[in-house]
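What follows is the residue order along each chain.
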Amino acid sequence: FAGLADVSISEDIPVEGEITIPVGSRSPDEDFSTLDEPVRDTIMRDLKAVGKKFVHVMYPKKSSALLRDWDLWGPLVLCVSLALMLQGGSADSKDDGGPQFAEVFVIIWFGAVVITLNSKLLGGTISFFQSLCVLGYCVLPLTVAMLVCRLVLLAGSGTISFIIRLIVVVAMFGWSTLASTAFLADSQPPNRKALVVYPIFLFYFVISWMILTFTPQ
Amino acid sequence: AGPGTMAAAGAASGGRTGGAAADWGGFEDNMQGGGSAVIDMENMDDTSGSSFEDMGEMHQRMKEEEEEEAEGEAGAAEEEDGEFLGMKGLRGQLGRQVADQMWQVGKRQASRAFSLYANIDILRPYFDVEPVQVRARLLESMIPVKMIHFPQKIAGELYGPLMLVFTLVAILLHGMKTSDTIIREGTLMGTAIGTCFGYWLGVSSFIYFLAYLCNTQITMVQMLSLLGYGLFGHCITLFVTYNIHFHSLFYICWLGVGGLSTLRMVAVLVSRTVGHTQRLVLCGTLAALHMLFLLYLHFAYHKVVEGILDTLEGPNMPPFQRVARDIPVVSNAVLNTTAKAIALTL
């Protein structure tokens, strides 16, 4: 403590007060407090967070909730359900016309990674996982479209059903693109928004195309 | 001999830490508070040159010193109280080991993340474009330059070519779906991505190699950029002809649009090469590959009548086989239905 010898305290500053600094946030008991709660509480908390983000996607306002606490649960659930629904088109081994589960999975995640890298290289201020989170959550309208398409295909597969499916898929594709650009475009320099929006447009276009051309065999 | 050397090392590091403590006196108080969140601003001025790494080093040194002291203590305690070995000695040691491990893991993760970030930064200058520039370059890629006596400028950017390759993948998917292409030993998406990226990267590398042999003044990034923008013609042609199935229209587009973009690439390369033989070799190869690729893309994913072959040949079909048939658009539907009717009766 050699350095303290130089410190001098003037007479009129009161040297009093609490010497214990409340550092309660680092005590080991607090870190383990979430382990003691019942499993249902943990799951409900995560589900509520995911549900809130779904609502934000369906009504895209300029809010930062999606960006602030990102999580990848929602994108995982959406991606898996979309891939499962798209898989039923090729039960026959001779006809490999439909996309496989792994294919859809890889397309969604690889595409999201490429778009994120692209937006970062163009000078974006958003972080890697935040961008993945937004792109994954904005697949929700297309998953809804896939559900609707499957229901419509149960009724029949004629020209009318194709027109209905086309309208639904195009509407949901537009919604997805708009929702994701509402969140992502703000983080770019203003004159480069078009450069970031185009790959997002291509990404959702490919997914919409896979949904539209899905035919159960 | 073990504890002796450790004690000596402890003393040495203690001496080192003592010396360092004279310089970093202000921090010592805070660090001994056990990671307190409150940092005295007064003391910060004394150590204004501090950085996060220095704090980390100091923390590490102090932890090592504590470890060595405590190891000496624990050793003594173990020799004295054999029964209480499990309680105090192990918990202390375990805690320290866990803390040490977490520090190592954290350091490793940070360095890995840093190297990943650094890799992205290598590519950053190639993506520094404006939308206006991209549009201008797209239009320029269809206009062959006339001045081949001065080396033409090639913009070394990768955003436009990358987006064009992805667009080509999307158009190819559309074409494969509408032509009901059936791929046995692969997937549609994999084939499309593999074809387009394989062409862009493979042919670029091959032409770059030829350019190196022919003494052309061009870098790899410029070659990638040139070929990438040359795919713009392919995108337009395929987009038009996958939707409107007239053979004569395709041939006109092939020669017109494909020819224009090939001529532009050839002109740029000619302007950068010296010597007639070299120019001929390089430009002939590029023109042939570029035009043949467009031909391949059209005919490989053309509207095929797969149903006939499927039903007639059955399971003896070799994998990944598609046969293109020159059937005019009008009678396609009729042929399909008759083929299915015949197959059903067989």
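Residues numbered from 1 in each chain as written. Chains lettered and ligands numbered in written order. Predicted model: local features only at pLDDT ≥ 70, side-chain atom pairs only at ≥ 80, totals over all residues. Heavy atoms only, no water.

K.L.:
Tell me about the overall build of chain A, and please be specific about residues and values.
P.N.:
Along its length, chain A carries ten helices and zero strands. Scored against the burial criterion, the 217 residues of chain A give a buried share of 41%. Sequence-distant contacts in chain A: of pairs separated by 6 or more residues, those separated by 24 or more amount to 75%. By element, 68% of the accessible surface of chain A is carried by carbon and sulfur atoms, the whole surface being about 12,300 Å². (Helix = DSSP H or I, 4+ residues; strand = E, 2+ residues; numbered from the N terminus. Buried < 20%, exposed > 50% of the residue type's maximum accessible area, 1.4 Å probe, protein only. Contact = heavy atoms within 4.5 Å. Areas by Shrake-Rupley, 256 points an atom, 1.4 Å probe, with all protein chains shown as cover.)

K.L.:
Describe the overall build of chain B, and please don't skip the residues or the numbers.
P.N.:
Along chain B, the regular secondary structure elements total 13 helices and zero strands. Going residue by residue from the N terminus, the α and β elements of chain B occur as α-α-α-α-α-α-α-α-α-α-α-α-α. Among the 346 residues that make up chain B, the fraction classed as buried is 39%. Put simply, of all contacts in chain B between residues at least 6 apart along the chain, 76% involve residues at least 24 apart. If you sum the accessible surface of chain B, you get close to 19,600 Å²; carbon and sulfur atoms cover 65% of it.

K.L.:
If you had to explain helix α11 (residues 276–300) of chain B to someone new, which residues and values would you point to?
P.N.:
Residues and elements named next belong to chain B. Under the 1.5 Å per step criterion, the end-to-end length of α11 is 35 Å for 25 residues, consistent within 8% with the ideal 36 Å. Those residues of α11 that sit buried are L282, C283, L286, H290, M291, F293, L294, L297, H298 and A300. Those residues of α11 hidden inside the fold are in contact with α7 (159–178), α8 (188–213), α9 (220–243) and α10 (247–271). (Expected span 1.5 Å × (residues − 1).)

K.L.:
Now, about the UniProt feature "transmembrane region" (unreviewed entry) in chain B: what can you tell me, with residues and values included?
P.N.:
Residue and element names in this part refer to chain B. Per the UniProt annotation, the sites labelled "transmembrane region" (unreviewed entry) are residues 158–176, 188–211, 223–242, 248–268 and 280–301. What you have in residues 223–242 is 100% helix and 0% strand, and the ends, taken at the C-alpha atoms, are 28 Å apart. A helix fraction of 95% and a strand fraction of 0% characterise residues 280–301, whose end C-alpha atoms lie 32 Å from each other. (UniProt positions renumbered as here; feature names shortened; annotations may be inferred.)

K.L.:
If you had to explain unusual backbone geometry to someone new, which residues and values would you point to?
P.N.:
Residues and elements named next belong to chain B. Even without glycine at this site, N215 takes up a positive phi of about 60°. Mapping N215 onto the fold places it in the loop between α8 and α9. N215 sits in the exposed class, given a relative accessible area of 61%.

K.L.:
Which residues make up helix α7 (residues 128–137) of chain A, and what values do they have?
P.N.:
Along an α-helix, residues three or four positions apart point the same way, because every turn accommodates 3.6 residues. Counting buried positions along α7 of chain A gives eight out of ten residues, so the element sits mostly inside the fold. Q130, S131, L132, C133, V134, L135, G136 and Y137 of chain A are the residues of α7 of chain A that are buried.

K.L.:
Would you mind going over the UniProt feature "transmembrane region" (unreviewed entry) in chain A in detail, with residue names and values included?
P.N.:
The UniProt record annotates "transmembrane region" (unreviewed entry) at residues 70–89, 101–122, 134–156, 162–184 and 196–215 of chain A. Helix and strand shares over residues 196–215 of chain A are 85% and 0% respectively, and the end C-alpha atoms of the span are 32 Å apart.

K.L.:
Got a sec to walk through the packing of aromatic side chains? Specific residues and values, please.
P.N.:
All names here are of chain A. All told, the structure shown has 18 aromatic pairs over all chains when counted by the stated rule. Ring geometry for F54 versus Y137: centroids 5.6 Å apart, planes at 75°, classification edge-to-face. Of the two residues, F54 sits in helix α3 (residues 39–58) while Y137 sits in helix α7, which places them 83 residues apart along the sequence. What makes Y137 buried here is its relative accessible area of 0%. Ring plane angle 70° and centroid distance 6.3 Å describe the contact between F173 and F205, whose orientation is recorded as edge-to-face. Here F205 lies in helix α10 (residues 193–212) and F173 lies in helix α9 (residues 159–184), a separation of 32 residues in the sequence. Given the relative accessible area of 30%, F205 is considered partly exposed. Taken together through their ring pairs, the aromatic side chains of F173, Y198, F201, F205 and W209 make up a single cluster. (Phe/Tyr/Trp six-rings, centres within 6.5 Å; stacked < 30°, edge-to-face > 60°.)

K.L.:
For the side chain of T273 of chain B, give the residues involved together with the corresponding values.
P.N.:
Residues and elements named next belong to chain B. Examined against the element boundaries, T273 turns out to sit in the loop between α10 and α11. Only 3.4 Å separates the side chain of T273 from the side chain of T216, close enough to count as a polar contact. With near-sequence residues (within four places) excluded, T273 lies in contact with C214, T216, Q278, R279 and L282. (Polar contact = N/O pair within 3.5 Å; in protein donor to acceptor, adjacent residues only side chain to side chain.)

K.L.:
Describe in detail the side chain of S204 of chain B, supporting the description with residues and values.
P.N.:
Residues and elements named next belong to chain B. Along the polypeptide, S204 turns up in helix α8. At a separation of 2.7 Å, a polar atom in the side chain of S204 contacts the main-chain carbonyl oxygen of W200. Discounting residues that sit within four places of it in the chain, S204 has contacts with Y199, M220, M223, L224 and L227.

K.L.:
Before we move on, could you go through the packing of α10 of chain B against α11 of chain B and cite the residues and values that matter?
P.N.:
Residues and elements named next belong to chain B. Viewed as axis vectors pointing N to C, α10 and α11 meet at an angle of 150°, and their least axial separation amounts to 10 Å. Considering their axes alone, α10 and α11 lie roughly antiparallel with respect to each other. Remark: the crossing between α10 and α11 carries right-handed chirality. Residues H247, F250, Y251, W254, G258, G259, S261, T262, M265, V266, L269 and V270 of α10 lie in contact with α11, whose contacting residues are R279, L282, C283, L286, A287, H290, M291, L294, L295, H298 and F299. (Axes fitted to C-alpha atoms, helices over the stretch in contact; angles between N-to-C directions. Parallel < 35°, antiparallel > 145°, perpendicular 65-115°, else oblique. Left-handed = near helix turned anticlockwise from the far one by under 90°.)

K.L.:
Talk me through the pattern of salt bridges; I want residue IDs and the actual numbers.
P.N.:
Counted by the stated rule, this structure contains five salt bridges over all chains. Residue E37 of chain A pairs with R45 of chain A through a salt bridge whose shortest N-O separation is 3.3 Å. In this structure, D71 of chain A and K53 of chain A form a salt bridge, with 2.6 Å as the shortest nitrogen-oxygen distance. Of this pair, D71 of chain A sits in the loop between α4 (65–68) and α5 (73–87) while K53 of chain A sits in helix α3, and the two are 18 residues apart along the sequence. The same class applies to D71 of chain A and to K53 of chain A, which are both buried. Bridged by salt links that share partners, the residues R192 of chain A together with D128 and E130 of chain B form one connected network. (Salt bridge = Lys/Arg side-chain N within 4 Å of Asp/Glu carboxyl O.)

K.L.:
Quick rundown of the environment of I211 of chain A? Include the residues and the values.
P.N.:
Residues and elements named next belong to chain A. Inspection of the secondary structure assignment puts I211 in helix α10. Residue class for I211 comes out buried when judged on its relative accessible area of 0%. Note: C-alpha distance between I211 and M85 (126 residues apart in sequence) is 9.3 Å. Those residues in contact with I211 that lie beyond four places of it in its chain are L82, L86, L142, M146, C149 and V169.

K.L.:
Could you give an account of the confidence of the model for chain B, with specific residues and numbers?
P.N.:
All names here are of chain B. For chain B, the mean per-residue pLDDT works out to 73, and 58% of the residues sit at or above 70. Per-residue pLDDT stays below 50 along residues 7–50; that stretch engages in 40 contacts with residues further than four places along the chain or on separate chains. Contacts for the low-pLDDT stretch residues 304–314, under 50 throughout, to residues beyond four places or in other chains number 20 contacts. Reported for the predicted complex are a pTM of 0.65 and an ipTM of 0.76. (pLDDT = per-residue confidence, 0-100.)

K.L.:
Before we move on, can you summarise the confidence of the model for chain A with the specific residues and values?
P.N.:
Averaged over all residues, the pLDDT of chain A is 81; the fraction at 70 or higher stands at 80%. Mean pLDDT values over the elements of chain A span from 50, in helix α1 (residues 28–31) of chain A, up to 91, in helix α8 (residues 140–155) of chain A.

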